[in-house]
Each structure stands twice: as structure tokens, then as C-alpha cells.
Amino acid sequence: MAKNLMKKGYPVVVCDVVDSSVKDVTDAGASVASSPAEVASQTDRLITMLPSSPNVIDVYTGPNGILSTVKSGSLLIDSSTIDPSISKDMAKLAEKKGAIFMDAPVSGGVLAARDGLITFMVGGPESEFEAAKEILSTMGKNVVHCGPVGTGEAAKVCNNLLLAISMIGTSEAMNLGIRLGLDPKLLTKILAMSTGRCWSVDTYNPVPGVLEGVPSSNSYKGGFGTALMTKDLGLAQNAATSTKSPTPLGSLAHQIYRLMCHKGYSDKDFSSAFQFLQEEDKK
């Protein structure tokens, strides 16, 4: 994503707690800052993407956080997937500093991020949306304004709830078909042209060797980690509880991914649900 910004001519300053994570972009010409505060002191347009709500709170409000040095008039875009209430809290704190905070989580996967094809779900003032869209359009194909701060996160949580359910369903169907004697590539072809078609079938298939360039064909390395999907499903369950929304399949999906984490799948891509099911078959 940072490389796509650079390709469009934007000078980029990066910061990450893991030095190796920024090597590619620094090799391409990006500058490195030692802290979020240093980034904020050098620019008036910031994009953050972090694993969880506590990380966002720390990066924005910590001793070396963004809000300690942010310039008045700065646009702060957070592409983390977190609790919508945290986004609202950060927006209020940013406003006190004269800055604008918008939530803009993404969807599409690693390959789409590389190719500039991801979707941004944006929550924030409508008056600031075009300014955010100008930047986000360099990294994504779709930039959608969802409403006030927090609604981008709400859309992302709903998306990942559905994604987890569909990935488990795809894994179950593929595992069953293979056990019934079907070739996995043939079954994928049939599902992709039938009513069971979904992204987990035709773009991110969980069966090793069916599609090239996806985590399942790379020992489930890279992609979107099981631990992160579990975290997002937890956000969905919290939202379901607070809004009194029934999500029985979401609850079961959360339990399955929690169990996968317990069984050692935390760092594997979430499509490893297929491998998990196969392993369960052997017991």
C-alpha cells in the first residue's frame, strides 16, 4: 500500500516497531521515523494500520503518540480493524488538537493490496471525505463513505463476519467433496459457476494447489492471520451483544477460529480452516 502511494508521487515517511516490515518501502525511497510522534511532526496526512484497539490507542495517545505532535488541520486516517467506539474516541481527541480523524478499514486481501485493488470503508465527516478519497484512491479501487466516524469499522466487522462464515463453509464443502472422490480443482470450477460461488471459492480457495498465489498454496503463509480473524469475530460478537443482534453462525465461527488458535493455527492464514478440518478428520 505504501509503495502504491509512492508510485503516485507521494513522499512517504514510515514507522513500525518491526524494522524488517518497512525494508521494502525504505529500499524504494521512503524515509523512516523512530516513533509515531516523529511521523506526525513531519506530515499533515497520516495513515495508520494496526492489529488491535489497544495498539491504536497507544499509537495515537501514548507518550510518543501521534496526538502529542500532530499539526492542526492534519488528516488522520486509521485503516485498522477495531472497535467502532475506539474510533469515535480517537476522533474526539483528534478534534481537540484541531485534526480530523477518519476510520477507513480495508478489504480485499494481500494481493489486492499489492495491486491497488482493495476496498476502503470510510467513516468520518462527509466534508472531509474527498480529501481522504484522493489519498486512498491511490491504494484502492473502491473508496466508500459509510457515514460518521465508526461506520467504516461497522461495515468491516460485518464483512469479516460473513467472510469467516463463508471460508468455513467453503472448507467444509471442499473437504466433503474430496472425501467423496471429487478432484478439488474440478469441484472449485463447479462451485465457481454455481450458486455456491463466493470469494472464498474462486479467489482465495483454501485447498492447497487449487489456485496459485494464495496462502493455501504456500503452506498457509502470509495473507490474513487466523489470530486476526479471531479478533475481528470477537468484535462482531461484541457488536452483536450490544445491539441485541442474533448471530448464531457468527458465534460458531468465532468458536471455531478460537479453537484453531488453541491448536496452533494463530499465525497461519485464516483459510487454514480447511487444514484444521482435515486434521480433525484424522482423529
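Reading the values: the criteria
- Residues numbered from 1 in each chain as written.
- Predicted model: local features only at pLDDT ≥ 70, side-chain atom pairs only at ≥ 80, totals over all residues.
- Heavy atoms only, no water.
- Axes fitted to C-alpha atoms, helices over the stretch in contact; angles between N-to-C directions.
- Helix = DSSP H or I, 4+ residues; strand = E, 2+ residues; numbered from the N terminus.
- Parallel < 35°, antiparallel > 145°, perpendicular 65-115°, else oblique.
- Left-handed = near helix turned anticlockwise from the far one by under 90°.
- Contact = heavy atoms within 4.5 Å.
- Nonpolar A, V, L, I, M, F, W, Y, C, P; charged D, E, K, R; others polar.
- Buried < 20%, exposed > 50% of the residue type's maximum accessible area, 1.4 Å probe, protein only.
- Arc of directions from axis to C-beta.
- Disulfide = S-S within 2.5 Å.
- Polar contact = N/O pair within 3.5 Å; in protein donor to acceptor, adjacent residues only side chain to side chain.
- Patch = residues over 30% accessible without salt bridge, like charges linked within 9 Å, V, L, I, M, F, W, Y side chains within 5 Å.
- Areas by Shrake-Rupley, 256 points an atom, 1.4 Å probe, with all protein chains shown as cover.
- Salt bridge = Lys/Arg side-chain N within 4 Å of Asp/Glu carboxyl O.
- Core = buried A, V, L, I, M, F, W, Y, C linked by side-chain atoms within 4.5 Å.
- Pairing = 2+ DSSP bridges.
- Right-handed = clockwise from strand over helix to strand, strands pointing away.

(A) The packing of helix 8 (residues 151–179) against helix 9 (residues 184–192), seen in detail. Axis separation between helix 8 and helix 9 bottoms out at 10 Å; the angle between their running directions is 130 degrees. Considered as vectors, helix 8 and helix 9 are oriented oblique to each other. Where helix 8 crosses over helix 9, the two elements pack in a sense that is right-handed. Between helix 8 and helix 9, the residues in contact are Ala173, Met174, Gly177 and Ile178 and Pro184, Leu187, Thr188 and Leu191, respectively. When grouped by side-chain class, the residues that make up the contact of helix 8 with helix 9 number six nonpolar, two polar and no charged.

(B) Representation of helix 9 in the model. Listing the buried residues of helix 9 in full gives Leu187, Thr188 and Leu191. Along the axis of helix 9, the buried residues cluster in a sector spanning 100 degrees; they form a single face. At its buried positions, helix 9 is contacted by helix 8 and helix 10 (199–202).

(C) Fine view of the state of the cysteines. Within this structure, the stated rule accounts for zero disulfides. Not engaged in a disulfide, the cysteine Cys158 finds its nearest cysteine sulfur in Cys146; these two sulfurs lie 10 Å apart.

(D) How the structure looks around the side chain of Ser74. Relative to the assigned elements, Ser74 resides in the loop between helix 4 (53–61) and strand 4 (75–78). On the basis of relative accessible area, Ser74 is assigned to the buried category, the value being 0%. Engagement of the side chain of Ser74 in a polar contact is seen with the backbone oxygen of Lys71, the distance being 2.8 Å. With residues up to four places along the chain from it excluded, the contact list for Ser74 reads Thr43, Asp44, Gly98, Ala99 and Ile100.

(E) Summary view of a nonpolar patch on the surface. A contiguous nonpolar patch, built from Leu182, Leu186 and Ile190 and spanning about 230 Å² of accessible area, is present on the exposed surface. One can find Leu186 in helix 9.

(F) The nonpolar core, seen in detail. The biggest cluster of nonpolar side chains holds 23 residues, and the ones touching the most others in it are Phe120, Val122 and Leu136. Mapped onto this core, the elements with two or more residues apiece are helix 1 (2–7), strand 4, helix 6 (110–115), strand 7 (118–123) and helix 7 (126–136). Every residue in contact with Val122, bar those within four places of it in the chain, is listed here: Met102, Asp103, Ala104, Phe129, Leu136, Val143, Val144, His145, Cys146, Gly147, Thr151 and Gly152.

(G) Quick look at the pattern of salt bridges. According to the stated counting rule, one finds five salt bridges in the structure shown. Here Asp202 ties to Arg197 by a salt bridge, and the two come within 3.2 Å at their closest N and O atoms. In this structure, the salt-bridge partner of Lys231 is Asp232, at a minimum N-O distance of 2.8 Å.

(H) View of the pairing of strand 5 (residues 100–103). In this structure, strand 4 lies alongside strand 5, joined through four bridges in parallel fashion. Paired with Asp78 across the two strands is Asp103, which belongs to strand 5. Read as a crossover between parallel neighbours, the route from strand 4 over helix 5 (residues 84–96) to strand 5 is right-handed.

(I) Region of interest: the environment of Ala164. The topology assignment puts Ala164 in helix 8. Placed 37 residues apart in sequence, Ala164 and Val201 show a C-alpha to C-alpha distance of 13 Å. The residues contacting Ala164, other than those within four sequence positions of it, are Met229, Leu233, Ala253 and Tyr257.

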